[in-house]
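Descriptive structure summary
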Amino acid sequence: MRTCFSGPCNDPREVFYTRCSIDLPSHSVRIEDVPCRNLEDVLGGFGRSFQMLAERTVTHAFTPANPLIVNIGVLTGTNLMTGLRTYFSAYSPLKVSNRGLPAAMWATGSCKFGPKLRWTGLDEMVLEGRSNRPVLVVVQRGIGGPAVAFQPADHLLGLDCHGKIMRLHEQFPDAHFAVIGPAGENYESCYFAGVALSTENQLKSRNDKCRWAGRGGMGAIMGFKNVIGIVAQASDQVTRLKPEIRDINKEASGGPGSRKFREKEKGGLGGTWSNYVPLEEVSFVPQHNFRPTGDGRARLMFRETVEPEFVIKAESCFRCGISCHKNVYEKNPDGTRGRFLAKFDYEPVNLLSTNIGIDDPRKAAELISLVDQFGMDSISLGATIAYVLDYNDRHPSSRILNGATFGDFEKVKELVEGTGKGRFPEIGRGVKRLSEQLGEPGYAMHCKGLELPAYLPDTNPGYPWAIAGGHMSMATHLSLVLERDTSVGYWVKAITERGLYFVRDDLLGLCKFAALTAENAAQAVKHEIGLEITAQELLAAVRRAFIRALWLERKQGYERADYTLPSEVFDRPNTTLGIGPFVTREFFSELSDRVWSVFDPEIAAL
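Residues numbered from 1 in each chain as written. Predicted model: local features only at pLDDT ≥ 70, side-chain atom pairs only at ≥ 80, totals over all residues. Heavy atoms only, no water.

Right, let's get into the overall build of the protein chain. Per the secondary structure count, the protein chain includes 23 helices and 18 strands. Over its C-alpha trace the protein chain gives a radius of gyration of 23 Å, about what one expects of a compact globule, namely 25 Å for 606 residues. Projected onto its principal axes, the C-alpha coordinates of the protein chain cover approximately 70 × 55 × 50 Å. In the protein chain, buried positions account for 64% of the 606 residues. For the protein chain, the computed accessible surface area is about 20,800 Å², with 48% contributed by carbon and sulfur atoms. Across the protein chain, the 71 positively charged side chains and the 71 negatively charged ones have centroids separated by 3 Å. (Helix = DSSP H or I, 4+ residues; strand = E, 2+ residues; numbered from the N terminus. Rg over C-alpha atoms; globule rule 2.2 N^0.38 Å. Buried < 20%, exposed > 50% of the residue type's maximum accessible area, 1.4 Å probe, protein only. Areas by Shrake-Rupley, 256 points an atom, 1.4 Å probe, with all protein chains shown as cover. Lys, Arg positive; Asp, Glu negative; His and termini not counted. Charge placed at Lys NZ, Arg CZ, Asp CG, Glu CD.)

The following block contains the structure:
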């Protein structure tokens, strides 16, 4: 990214980014400097890619007309801590309107692939069409700038994600990688295949410690395009750390924003795994397909319960001081660290254990590891399997698939492996399609085709307006636990005035766990690329990007009926919830009216 300011350093149109357009059938490459049209273009991520997707007419995700856009944020690869994110955007095979049209979606992951891509000299890659054979796209920093080459990828087929990365590391020791697993290779049967990103820890330890661009099926899009992996090869570009950035980094690593994700000895709360404790106090931890029972069994997966049996080590992404990864290892007889098992985050832990009736951390670790090996989104897979188990409990005489029920680890494991290998397309195409085929959509836990993360829809009426997954693109998933307000007015403001700004870092290239203030983020942009913007201008661009995403949903056939919660929330309120059910049909109807009264004029203006 470069600037050519002729006057005050505040015009986004005087900022240029480097785009590489690749025609996969012909392997032709065009690299060009593109002037930014607006601040969203400068910031990058989905703010830029959704503007491109808005110009496309796409009626099916698996079509050559659907581009895969791989880009970074303006702060990816800079000296700002957590500036590590890479974004994969396309029309999703999973997120789909009731009219059957795919919706625009992005997925993002951290660690060093994003910085390496920036250091090659590229800010964005656009993969067009479909390769005629399995291919590896190799991006390198050449003498005259970025260079792109193609290599056959047949030798990688069938390997799991970690196996592909380690094989590539032998060939490209100074590179980082984005690959798909067997699920992505079987894209027609697994719409929620993700993209695995290599990590420094993984390459050094040789343990399976990928990071993930998991949501919405971007790995399936890569699989359709016959792109098995992307290599970003460049030497590290180390620049002088400015005092202003050093101070922002100190705030990010040790300030209140990242407290939840740090270890307790660093003044933190222990990571996302710690969500179990406050949620269980009010019986909000999902059990048995998002239906808490109040039996207290969720406590069996608390970190304090699990920790004595294992070694749990807090580890980090490249140059990050938060150390949010809670990696679980076997404990040797002498108490030392043994074999690596899995990374325990709240989402995969809950959705692959407590929510499917399994309360054994070893079994949970095995399932999490399997999901990573095959390259699937743990949220979509876990929520869809929970629906299967629920359906089988409700229909004991006509169970589907292998007849698995809650708590049956061996049969659940069979479902995980079979989905990753393409044998269970009923699961792999997501809970929306499966529930509609079975004629029982009421307890299918999704909004707009995207399976819900591990927060109850009964407690979060903001879910339907999330644009890329409930807990990552609408910050209302913990509102009831933290603030206990059940008034319609509160929730209108939570959705339209606070929650939507959670996508800010999905433009900038930052991890949300740093929780920088808007003022610090704007200052970081100024000190890293020279563009002077205010916090208010930054937030205005974020809001435009969010509204554009809603506009894109309408373009793809979304109507008001698509923006709702699973009907079981309204029809069968769960009386075990500690705060009590409050999302009635009447409540949601009024909420919807008032939310759309805010958003509709902005969508129309856009």
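From this point on, the discussion continues.
Turning to the sheet that holds strand β10 (residues 175–179), a few remarks are in order. The strand order across the open sheet formed by 6 strands is β9-β8-β13-β10-β11-β12, and the pairing between neighbours is mixed. Here the strands that pair on one side only, and so sit at the sheet edges, are β9 (145–152) and β12 (211–213). Here the average twist between neighbouring strands, direction ignored, is 20°. On top of the sheet, helix α4 (residues 161–171) reaches β8 (135–142), β9, β10, β11 (195–197), β12 and β13 (227–233); it is set at about 150° to β10, its chief contact. (Pairing = 2+ DSSP bridges. Axes fitted to C-alpha atoms, helices over the stretch in contact; angles between N-to-C directions. Contact = heavy atoms within 4.5 Å.)

A separate point is the packing of helix α13 (residues 378–394) against helix α14 (residues 409–420). Contact pair α13 / α14: the axes reach a minimum separation of 11 Å and the direction vectors enclose 130°. Judged by the inter-axis angle, α13 sits oblique to α14. In this structure, the crossing between α13 and α14 has a hand that is right-handed. Judged by residue contacts, Leu381, Ile385, Val388 and Leu389 of α13 engage Val412, Leu415, Val416 and Thr419 from α14. Split into classes, the residues belonging to the contact of α13 with α14 amount to 7 nonpolar, 1 polar and no charged. (Parallel < 35°, antiparallel > 145°, perpendicular 65-115°, else oblique. Left-handed = near helix turned anticlockwise from the far one by under 90°. Nonpolar A, V, L, I, M, F, W, Y, C, P; charged D, E, K, R; others polar.)

Under the definition given, this model contains 43 salt bridges. The shortest N-O distance in the salt bridge between Arg48 and Glu124 comes to 3.2 Å. Here Glu124 lies in strand β7 (residues 124–128) and Arg48 lies in helix α2 (residues 45–53), a separation of 76 residues in the sequence. In this structure Arg48 comes out as buried when scored by relative accessible area, which is 3%. Put simply, Arg362 and Glu309 hold a salt bridge, and the shortest N to O gap is 3.0 Å. One end of the pair, Arg362, is in helix α12 (residues 361–374); the other, Glu309, is in the loop between α10 (303–306) and β14 (310–315), with 53 residues separating them in the sequence. (Salt bridge = Lys/Arg side-chain N within 4 Å of Asp/Glu carboxyl O.)

Turning our attention to the environment of Thr496. For Thr496, the position within the fold is in helix α18 (residues 488–498). In this structure, the C-alpha to C-alpha distance between Thr496 and Val96, residues 400 residues apart in sequence, is 23 Å. Every residue in contact with Thr496, bar those within four places of it in the chain, is listed here: Arg543, Val595, Val598 and Phe599. Within the local environment of Thr496, its side chain forms a polar contact with the backbone oxygen of Val492, the two atoms lying 2.8 Å apart. (Polar contact = N/O pair within 3.5 Å; in protein donor to acceptor, adjacent residues only side chain to side chain.)

Glancing now at the pairing of strand β15 (residues 325–331). The buried fraction of β15 amounts to 6 of the 7 residues, a majority that puts the element mostly inside the structure. Of the strand pairs in this sheet, β14 and β15 are connected by 6 bridges, and their pairing is antiparallel. Of the residues in β15, the one forming a bridge with Ile312 is Val328. In terms of strand pairing, β15 meets strand β16 (residues 337–343) through 4 bridges, oriented antiparallel. Note on β16: the bridge partner recorded for Tyr329 is Phe340. Linking β15 to β16, which pair antiparallel, is a turn of 5 residues; within it Gly335 sits at a positive phi near 90°.

In this section: the environment of Leu300. By the secondary structure assignment, Leu300 is in the loop between α9 (276–281) and α10. Linking Leu300 and Arg48, residues 252 residues apart in sequence, is a C-alpha distance of 44 Å. Sequence-distant contacts of Leu300, that is, excluding residues within four places in its chain, are made with Thr305, Val306 and Asp359.

For the rest of this paragraph, the subject is the pairing of strand β3 (residues 28–35). Two strands pair when backbone bridges link them, and strand β2 (residues 15–23) and β3 are joined in this way by 8 bridges, in the antiparallel orientation. Across the sheet, Asp23 pairs through a bridge with Ser28, a residue of β3. Between the antiparallel neighbours β2 and β3 lie 4 residues, among them His27 with a positive phi of about 60°.

The next subject is α2. For α2, the buried fraction is high: 9 of the 9 residues fall into the buried class. Those residues of α2 not exposed but buried are Gly45, Phe46, Gly47, Arg48, Ser49, Phe50, Gln51, Met52 and Leu53.

On to the packing of aromatic side chains. All told, the structure shown has 25 aromatic pairs when counted by the stated rule. Geometrically, the ring pair formed by Phe46 and Phe50 is edge-to-face, given 5.3 Å between the ring centres and 80° between the ring planes. Here the residue Phe46 and the residue Phe50 both occupy positions in helix α2, the gap between them amounting to 4 residues, near one helical turn. For Phe50, a relative accessible area of 2% corresponds to the buried category. In this structure an aromatic cluster arises from ring pairing among Trp465, Phe546, Tyr558, Tyr563, Phe570, Phe588, Trp596 and Phe599. If you follow Arg2 out to its NZ or CZ, it ends over the ring of Phe16, 4.4 Å from the centre. The ring of Phe340 has Lys209 sitting right over it, with the charged end atom 5.2 Å from the ring centre. (Phe/Tyr/Trp six-rings, centres within 6.5 Å; stacked < 30°, edge-to-face > 60°. Lys NZ or Arg CZ within 6 Å of the ring centre and 35° of its normal.)

Let's shift gears to unusual backbone geometry. Only a minority of non-glycine residues have a phi that is not negative, and only a minority of peptide bonds are not trans. With a phi close to 55°, Leu401 is a non-glycine residue in the positive phi region. Within the secondary structure, Leu401 sits in the loop between α13 and α14. Of note in the backbone geometry, Lys448 takes a positive phi value of approximately 60° without being a glycine. Here Lys448 is to be found in the loop between β17 (446–447) and β18 (450–451).

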